[in-house]
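# An overview of the molecular structure
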Amino acid sequence: VRVGVLASGEGSNLQAILDRVHGGDGVEVVAVGSDKPQARALGRARAADVPARAFEQSDRRARDAAMAGWLTDAGVELVVLAGYMQLLGADFLARFPRRVINVHPALLPAFPGIGAVEQAVAHGAQVFGVTVHCVDEGIDTGPIIVQRALELPGATDAATVRAALRPLEHDLLCHVVRAIARGDVELAGGRCIVRPDDAAG
Ligand code: GAR
């Protein structure tokens, strides 16, 4: 499966995909896009010889259209949002039907949007976690594919929680990309399901 990754920042999730699944498991990362020209993710892509491009249009529709065209020209079949901090509009999503996934640092539907870990800490959450889900037009509202939880009772520092969640994110996102490449993720009845015999891998 030809994968396009969108990322706005650091790009550690992108790096995990590049290191662990790119070039094997039927997965090829062929394009990395960002809304932020200074995103470290772009440099990570270039270091791996993957075409990378920033889309600086401030108008979302214009940015979405330019990105969708670029990804389509690259033959992208699966779009992975790895810390992409913009909403994607209906027109973009229609170009990649059921083929856009996102990683989010909370157990959705709790704590959607930006600052998820800060929100969770502020609520006194004791169980944190990571969700990989299909993307729809809402803010982190699409069907859940997989989640993993982490008990951190007494957590008060968002940075510490984020650091603890990071390896879970990397594992889960790589797992889902591999499962999609194998054809083992189904969207059925509004739910995204990873075939049970792959749930542990
Ligand atoms: C990750 O924690 C990801 O879950 C989060 O941004 C971070 C990006 O890190 N995404 C969201 O909050 C989306 N709502 P990275 O740039 O190091 O991969």
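Residues numbered from 1 in each chain as written. Predicted model: local features only at pLDDT ≥ 70, side-chain atom pairs only at ≥ 80, totals over all residues. Heavy atoms only, no water.

## Notes on the pairing of strand E6 (residues 127-134)
The element E6 is extensively covered by neighbouring structure, given that seven of its eight residues are classed as buried. Examined bridge by bridge, E6 and strand E7 (residues 144-151) share seven bridges and lie antiparallel to one another. Considered in E7, the bridge of Val-127 is made with Glu-151. (Buried < 20%, exposed > 50% of the residue type's maximum accessible area, 1.4 Å probe, protein only. Helix = DSSP H or I, 4+ residues; strand = E, 2+ residues; numbered from the N terminus. Pairing = 2+ DSSP bridges.)

## Details of the sheet that holds E7
One open sheet accounts for seven strands, arranged E3-E2-E1-E4-E5-E6-E7; its pairing is mixed. Each edge of the sheet is formed by a strand with only one pairing partner; in this case those strands are strand E3 (52-54) and E7. Strand after strand, the sheet turns through a mean of 20° between neighbouring axes, direction not considered. Bridging between strand E1 (residues 2-6) and strand E4 (residues 78-81) involves four bridges; their strand directions are parallel. When the sheet's bridge partners are listed, Val-5 is paired in E4 with Val-80. Contacts from helix H1 (residues 12-20) reach E1, strand E2 (28-34), E4 and strand E5 (100-104), with the element oriented near 165° to E2. Strands E1, E2, E3 and E4 of the sheet are contacted by helix H3 (residues 60-73), whose axis makes an angle of about 165° with E2. (Axes fitted to C-alpha atoms, helices over the stretch in contact; angles between N-to-C directions. Contact = heavy atoms within 4.5 Å.)

## Things to note about the packing of H1 against helix H2 (residues 40-47)
Where H1 meets H2, the closest approach of the two axes is 9 Å, and the angle between their N-to-C directions is 15°. The angle between H1 and H2 places the two elements in the roughly parallel class. For the pair H1 and H2, the crossing hand works out as right-handed. On the side of H1, the interface is formed by Ser-12, Leu-14, Gln-15 and Leu-18, while H2 contributes Ala-41, Arg-44 and Ala-45. Each residue belonging to the contact of H1 with H2 can be placed in one class, and the counts come to four nonpolar, two polar and one charged. (Parallel < 35°, antiparallel > 145°, perpendicular 65-115°, else oblique. Left-handed = near helix turned anticlockwise from the far one by under 90°. Nonpolar A, V, L, I, M, F, W, Y, C, P; charged D, E, K, R; others polar.)

## Focus: the packing of aromatic side chains
According to the stated counting rule, one finds two aromatic pairs in the structure shown. Both rings, one in Phe-92 and one in Phe-96, keep their centres 5.2 Å apart while their planes meet at 40°; by these two values the pair is tilted. Residue classification places Phe-96 among the buried positions, given a relative accessible area of 4%. (Phe/Tyr/Trp six-rings, centres within 6.5 Å; stacked < 30°, edge-to-face > 60°.)

## Things to note about H3
In this model H3 runs 20 Å from its N-terminal to its C-terminal C-alpha over 14 residues, within 8% of the 20 Å that 1.5 Å per residue would give. Turning to H3, its buried residues number three or more, namely Arg-63, Asp-64, Met-67, Ala-68, Gly-69, Trp-70 and Leu-71. Those residues of H3 that are buried lie in contact with E1, E2, E3, E4 and helix H4 (90-95). The positive-phi residue at the C-terminal boundary of H3 is Gly-75, with phi of around 75°. (Expected span 1.5 Å × (residues − 1).)

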